[in-house]
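Structure at a glance
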Amino acid sequence: MGMPFVQPEVVKKWEKAFAEGSDKRYPSIDLVRLEYWFFKHPEKGMLLEYGFGTGVNTIHLLECGYTVIGLDAALGAKKLVEKKLENHQEIKDRATLIHLPQDSERLPFDNDIFDFLVCMSVLSLLGSRERLIYLLEEFIRVLKPGAKAILDINDTKSEFSENSEYIGNNVYLFRGNSGKEDPVPMLCFPDAETFVEILRPYFKIIDVGYSVHKYFNRRIGEFIVCAEKP
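Now for a description of the structure that goes with this document. If you're wondering where the values come from, they're calculated on a predicted model, not measured in any experiment.

We now examine the pairing of strand β5 (residues 143-154). For β5, the tally of buried residues reaches nine of twelve residues, placing the bulk of the element in the interior. Two strands pair when backbone bridges link them, and strand β4 (residues 114-119) and β5 are joined in this way by five bridges, in the parallel orientation. Note that in β5 the partner of F116 across the bridge is K148. After leaving β4, the chain enters helix α6 (residues 129-142) and then returns to the sheet as β5, a path that is right-handed. With seven bridges connecting them, β5 and strand β10 (residues 218-228) associate as antiparallel partners. Across the sheet, I150 pairs through a bridge with C226, a residue of β10.

This brings us to the sheet that holds strand β6 (residues 165-168). Paired through their backbone hydrogen bonds, the strands of a sheet run either parallel or antiparallel. As summarised here, the arrangement of the three strands in space is β6-β7-β8, forming an open sheet in which the pairing is antiparallel. Edge positions in the sheet fall to β6 and β8 (184-187), since each of these pairs with one other strand and no more. Here the average twist between neighbouring strands, direction ignored, is 35 degrees. Pairing of strand β7 (residues 171-174) with β8, which is carried by four bridges, proceeds in the antiparallel orientation. Of the residues in β8, the one forming a bridge with Y172 is M186.

A word on unusual backbone geometry. We note that N170 has phi near 70 degrees; this positive angle belongs to a residue other than glycine. With respect to the helices, strands and loops of the structure, N170 is situated in the loop between β6 and β7. Not every positive phi belongs to a glycine, and F216 is a case in point at roughly 50 degrees.

Cut-off values and rules
- Residues numbered from 1 in each chain as written.
- Predicted model: local features only at pLDDT ≥ 70, side-chain atom pairs only at ≥ 80, totals over all residues.
- Heavy atoms only, no water.
- Buried < 20%, exposed > 50% of the residue type's maximum accessible area, 1.4 Å probe, protein only.
- Helix = DSSP H or I, 4+ residues; strand = E, 2+ residues; numbered from the N terminus.
- Pairing = 2+ DSSP bridges.
- Right-handed = clockwise from strand over helix to strand, strands pointing away.
- Axes fitted to C-alpha atoms, helices over the stretch in contact; angles between N-to-C directions.

In structure tokens form, the structure reads like this:
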């Protein structure tokens with residue numbers, strides 16, 4: 001039996017953020033590097049982006065030549081990225097943006113159809129190991145044998161966990177940077193090996209990395225794994 005991928009608290013948080021104008025202009029530098037180094041910039045292929053958010057990574061991947069199928073639980077994200085793509089007519093036809101209802105227990109795809117997977121700055125938002133494991137099972141179902149994946153998760157020194165209430169099993173109640181927002185359970189790991197051990201039953205691990213930045217009293221640290229479906 002499955003379980004919903006999405007926490008209602010997360011949808012509420014991000015719908016509010018998009019309604020207030022949340023946006024980004026540039027793609028993740030980690031994605032830019034790893035697309036080139038690990039995906040090898042093939043200039044084609046079916047790519048699943050789970051959690052496309054503001055669409056900056058989506059647009060970069062489209063410009064690299066992929067056909068991108070994007071999933072996001074926030075309708076605000078879909079509306080924002082659809083608007084952005086109107087200014088990119090040369091790549092728009094290779095993008096499909098799908099709203100993922102928050103009660104979804106299955107990815108809306110057949111088996112073995114994607115060559116690549118990008119899931120960045122999303123997995124901590126799942127809020128539990130059980131939900132993470134179930135999503136990994138779905139990723140494996142829809143990826144082709146040999147498909148390449150880039151996945152990351154936050155560490156326990158990030159702003160999402162450092163000053164948040166720990167409720168067990170690597171889950172922290174994050175109340176925003178002000179500490180006054182509605183709590184959102186965040187899954188954060190103390191080390192890369194914890195992340196790898198969860199991924200290993202599903203993926204062949206190719207590389208394990210770590211990315212961190214800290215400025216203006218904000219710190220984000222993420223363990224990043226490059227992997228393949230066996």
